[in-house]
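Below are the chains, spelled out letter by letter.
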Amino acid sequence: FMIRLAKEVPLVRYFKIETPGTAAKAFMGGKGPSANLLPALNYLYDYPYGCLEQVVSKAWPFVILPGLLADIDPAFLDQKNIDDGLALAIKRISFMQLYDGSYATWPGESQPNLWNSVYATHFLWEAQSKTSLPEGLLSSSLNFLKQIMAIPAGAITPHNFDYTLSTKAYAAYVLTLAGQAPLAWLQQLHEDRALLTPSGRVYLAAAMALQQKSAKPLRALGDLPEMDWGGINPTLESTPRNQAILLTAWSQVEPSASEAGLLAKSLQESGLKRYWYTTQDNAMALLGLGKYYAANPDRNKPFTAELKGPDGRSLLSFSSEEDGKLKIKAQAGEDLPVPVSLKVDGQGSAYFSWSSTGVPKEAPAPFAKNLNISLELKTDAGNVLTWDSAKPLRIKQGTRLTATLKIAPAMPVEQLVVVSVLPGGLEVDNPRLQDLQNIPAPTTNDYMAYSWGCRLDLRDDRLILIAGYLNNAMTYTFTMRAVSKGTFVMPPVAGEGMYAPFISALGKAGTIIVE
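Everything numeric in this text was worked out from a predicted model, so none of it was measured. (Residues numbered from 1 in each chain as written. Predicted model: local features only at pLDDT ≥ 70, side-chain atom pairs only at ≥ 80, totals over all residues. Heavy atoms only, no water.)

1. Details of the overall build of the protein chain
The following threshold applies: Secondary structure elements are defined from DSSP: runs of H or I of at least 4 residues count as helices, runs of E of at least 2 residues count as strands, and each element is numbered from the N terminus. Exposure classes here rest on a 1.4 Å probe applied to the protein chains alone. A residue is buried below 20% of its type maximum, exposed above 50%, and partly exposed in between.
Each helix and strand counted, the protein chain has 12 helices and 22 strands in total. For the protein chain, buried positions account for 51% of its 515 residues.

2. Some details on the pairing of strand β13 (residues 400–409)
As a reminder of what qualifies: The criterion for strand pairing is that DSSP finds at least two bridges linking the strands in question.
With 9 bridges joining them, strand β10 (residues 371–379) and β13 adopt antiparallel strand pairing. The residue bridging lysine 378 from the neighbouring strand is threonine 402, located in β13.

3. What about the confidence of the model for the protein chain?
Under the convention used in this document: The score called pLDDT rates the predictor's confidence residue by residue, from a low of 0 to a high of 100. Throughout, a contact is declared for two residues whenever any of their heavy atoms are within 4.5 Å.
Across the protein chain, the average pLDDT comes to 84, with 84% of residues at or above 70. Below pLDDT 50 for its whole length, residues 13–17 participates in 12 contacts with residues either more than four positions away or in separate chains. Throughout residues 434–451 the model reports pLDDT below 50, and contacts reaching past four residues in sequence, or to other chains, amount to 42 contacts.

4. Observations concerning the packing of aromatic side chains
Using the following cut-off: Centre distance within 6.5 Å is the pairing criterion for rings of Phe, Tyr and Trp, where only the six-membered ring of Trp is used; planes under 30 degrees apart are then read as stacked, over 60 as edge-to-face, and the remainder as tilted. Whether a charge sits over a ring depends on NZ of Lys or CZ of Arg being within 6 Å of the ring centre and within 35 degrees of the ring normal.
Taken as a whole and assessed by the stated rule, the structure comprises 12 aromatic pairs. Judged by centre distance (4.0 Å) and plane angle (10°), the ring pair of tyrosine 170 and tyrosine 203 falls under stacked. In this pair, tyrosine 170 is assigned in helix α6 (residues 160–177) and tyrosine 203 in helix α8 (residues 198–212), connecting sequence segments 33 residues apart. Taking relative accessible area as the criterion, tyrosine 170 reaches 0% and is therefore assigned buried. For the ring pair tyrosine 275 and tyrosine 277, a centre distance of 6.3 Å and an interplane angle of 40° mean the geometry is tilted. A relative accessible area of 39% places tyrosine 275 in the partly exposed class. Three or more aromatic residues link up through ring pairs in this structure, and these residues are Trp60, Trp115, Tyr119, Phe123, Tyr170, Tyr173 and Tyr203. The ring of phenylalanine 367 has lysine 369 lying over it, and the distance from NZ or CZ to the ring centre is 5.4 Å.

Below, the structure written as C-alpha cells:
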C-alpha cells in the first residue's frame with residue numbers, strides 16, 4: 001500500500017483479531033514500492049507442495065529480491081543462508097532433470113514436461129549471475145530447448161497447436177536471453193502468432209524485441225486479453241501473470257517507457273486486490289516488478305512515518321532514508337495491540353505492507369466451487385459415522401476406521417490437490433497396503449477421455465492426493481486408527497486446482513472424542 005503526502009491513516013481493518021494467543025503480525029514500511037511485495041514472498045515461502053514449477057517459483061526471490069527474504073525469515077539476514085537457500089533450490093531442480101536435458105513435473109517421474117523444462121531453464125539462466133551452477137546443468141537445458149523448437153506443431157497431445165507453439169515461443173525467448181536467438185524459428189512463430197496463447201505472443205514479442213534491441217515488437221502487441229481458461233491451463237495463463245511477463249520484457253528493452261509504468265501500476269493494483277492466486281502469478285509478479293524497480297531507481301521525496309498503537313505510543317518509525325520492520329507475536333491468552341494508525345509527514349510517499357496470521361475463532365464454513373469433495377468414515381463393522389459442529393463423533397481408543405474420499409470436479413481440471421488432515425488423536429494405518437481405486441483406465445488415445453497422473457503422499461497425520469488430470473468422479477480409500485484419548489478437532493477435507501483457483505472446495509469440520 002502507499003500513502004501520499006502528510007496524513008494519518010487508521011489501519012484497523014488491516015489488523016484482524018484471531019483466537020487470543022495465536023496471532024502474529026508483520027509490518028514493513030519503506031521508501032520504495034518493493035515493500036508491497038512482502039505478501040507475495042510470504043505466499044511463495046509458505047507454499048506446501050513441490051512440483052517443478054512450484055520449486056522454481058519459490059526460488060525466484062533468491063535471485064530477484066534477496067534483500068527482502070529476511071522479512072519473512074530472520075535466518076536470511078545472513079548472506080550465507082541466502083546462498084545456501086539458492087543452492088538447495090538449484091539442487092532440487094537438478095533432481096528433476098532427465099537424461100536429455102528436459103525436466104519432469106515431479107521428482108521421480110520420467111515423462112518430460114516441455115513448458116516446465118523451459119521455465120526451469122529460464123530460472124537457471126537468471127540464477128547463474130548469483131551462484132555457480134552444477135557443470136552441464138544449464139548447457140544441457142538449453143540444448144533441450146533447441147530440440148523443442150524442432151518439434152512439429154500438433155505432435156504433442158493433449159494441447160496441440162497452441163500449447164506446442166506457445167512453448168516454442170517461450171523457448172525462443174530463453175534462447176535469445178542466452179545469446180542463441182533461433183532467428184528462423186522467430187520468423188516462423190511470428191507468421192503463426194494468431195495460434196499462440198496470450199503468454200506465447202508476449203514471449204515471442206519479447207524475444208524479437210531483445211534480438212532487434214527495439215521495443216517495437218512489444219508496442220505491436222496491443223492490449224492483452226482477460227484470461228478465463230477453465231480447469232485446463234497448460235501454459236498457466238492468467239491476466240496478472242501475463243502482464244508481469246510483459247513488464248519483464250519492457251524492463252529489459254525500454255524500462256522508462258510509459259507503457260512499462262502503466263503495466264507496473266496495474267500489476268501492483270492487482271496484487272493489492274489479492275488477484276495473484278497461484279505460485280506462477282506470484283513468482284512472475286516478483287520477477288516483473290523486481291526488474292522494473294531495479295531498472296527505475298526510486299526518486300521518492302523526503303518523508304517520515306510512524307506506526308502508532310491504540311494508546312498513541314510509537315510502535316515503529318521509518319523514513320525516506322531508512323526502511324522499518326516490525327513483527328509482533330501474541331503470548332498465550334493475549335491479543336495484539338489494535339487499532340493502529342500510520343502517520344506520514346513530508347512530501348514523499350510512504351509504502352507499507354502487512355501480514356496477519358492466526359487460528360480463526362470459528363471453523364470456516366463449507367463451500368464448493370466447481371468441485372465436490374467429501375470424507376466418509378466407516379467402522380470395521382460397516383457402520384457409517386456422522387458428525388457435525390453440534391454433534392461430536394465418539395469412538396473407542398484403538399478403533400480402526402475406513403475413510404473414503406469422494407472427489408467430483410464440475411469440469412476437467414489439471415493439478416488438483418486434495419488434502420485430508422487427520423484429527424490429532426488418529427494416525428494413518430498401513431499406508432503401503434493402500435492404492436488408488438476407481439480411476440478409469442486409459443481406453444483411448446484422447447487425452448481428455450480419462451484421468452491420469454495421481455500422486456499420493458500418505459503421512460502419519462494427513463493424506464495428500466494430487467491428480468495430474470481429472471475429468472471424472474473418483475474415490476480413494478484408506479484406513480486410520482484412533483491411538484490417543486482426548487477431544488480433537490476434526491479438520492475439514494479441502495481441495496483446489498493449484499492453477500485453477502476458482503475450482504475449490506472445503507468440507508465440514510467437527511469434533512471427535514476418543515474414549
